[in-house]
Amino acid sequence: MDRRTAVLALGSFGAFPGAASAQARGKAWRVGFLSPRTIGDLDEDFFGALPRALRELGYAEGKNLVIVWRSAEGSRER
């Protein structure tokens, strides 16, 4: 039995009470959004589609999701 299997087995029998739930509560997924255009140039349909779709899947910014918006400011080389 390898280490991972042993840890999972012990965890499933309650050897580590609360360890899994303590980690799950603080978990926030980080999603990066990179656009060649400036963020201000994006229309609401395009700009808002990602957060709307993620909300439908149960993710909420500030709770379990962080979206990092980045732009190349119109320069594809950047």
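Values in this document were obtained by computation on a predicted structure and should not be read as measured data.

### Considerations on the overall build of the protein
Next up, step 1: When helices and strands are tallied, the protein shows 3 helices and 2 strands.
Next up, step 2: In the protein, the succession of helices and strands from N to C terminus is α-α-β-α-β.
Next up, step 3: Put simply, 62% of the contacts in the protein that link residues at least 6 apart link residues at least 24 apart.
Next up, step 4: Roughly 6,500 Å² of accessible area belongs to the protein as shown, and the carbon and sulfur atoms make up 55% of that amount.

### Section: helix 3 (residues 44–56)
Next up, step 1: With 13 residues, helix 3 should reach 18 Å at 1.5 Å per residue; the first-to-last C-alpha distance of 17 Å fits that figure.
Next up, step 2: Remark: the principal bend of helix 3, roughly 30°, maps to L50, with a proline, P51, within the next four residues.
Next up, step 3: Every buried residue of helix 3 is listed here: G48, P51 and L54.
Next up, step 4: Contacts made by the buried residues of helix 3 are with strand 2 (65–71).

### Details of the confidence of the model for the protein
Next up, step 1: Per-chain confidence: the protein averages 74 in pLDDT, with 64% of residues scoring 70 or above.
Next up, step 2: Here helix 2 (residues 19–26) stands out as the least confident element of the protein, with mean pLDDT 52; strand 2 is the most confident, with 90.
Next up, step 3: Ignoring residues within four places in sequence, the model shows residues 12–23, a span with pLDDT below 50, making 4 contacts including any to other chains.

### As for the packing of aromatic side chains
Next up, step 1: Counted according to the given criterion, the structure contains 1 aromatic pair.
Next up, step 2: One Lys or Arg, K27, reaches over the ring of W29 and ends 4.5 Å from the middle of that ring.

### Considerations on the side chain of S71
Next up, step 1: Tracing the sequence through the fold places S71 in strand 2.
Next up, step 2: By relative accessible area, S71 is classed as buried at 16%.
Next up, step 3: There is a polar contact of 2.9 Å between the side chain of S71 and the backbone nitrogen of E73.
Next up, step 4: If we ignore the near neighbours within four places in the chain, the residues touching S71 are L34, S35, R37, T38, I39 and R78.

Conventions and cut-offs
Residues numbered from 1 in each chain as written. Predicted model: local features only at pLDDT ≥ 70, side-chain atom pairs only at ≥ 80, totals over all residues. Heavy atoms only, no water. Helix = DSSP H or I, 4+ residues; strand = E, 2+ residues; numbered from the N terminus. Contact = heavy atoms within 4.5 Å. Areas by Shrake-Rupley, 256 points an atom, 1.4 Å probe, with all protein chains shown as cover. Expected span 1.5 Å × (residues − 1). Bend = angle between axes of the 7 residues up to and from the residue. Buried < 20%, exposed > 50% of the residue type's maximum accessible area, 1.4 Å probe, protein only. pLDDT = per-residue confidence, 0-100. Phe/Tyr/Trp six-rings, centres within 6.5 Å; stacked < 30°, edge-to-face > 60°. Lys NZ or Arg CZ within 6 Å of the ring centre and 35° of its normal. Polar contact = N/O pair within 3.5 Å; in protein donor to acceptor, adjacent residues only side chain to side chain.

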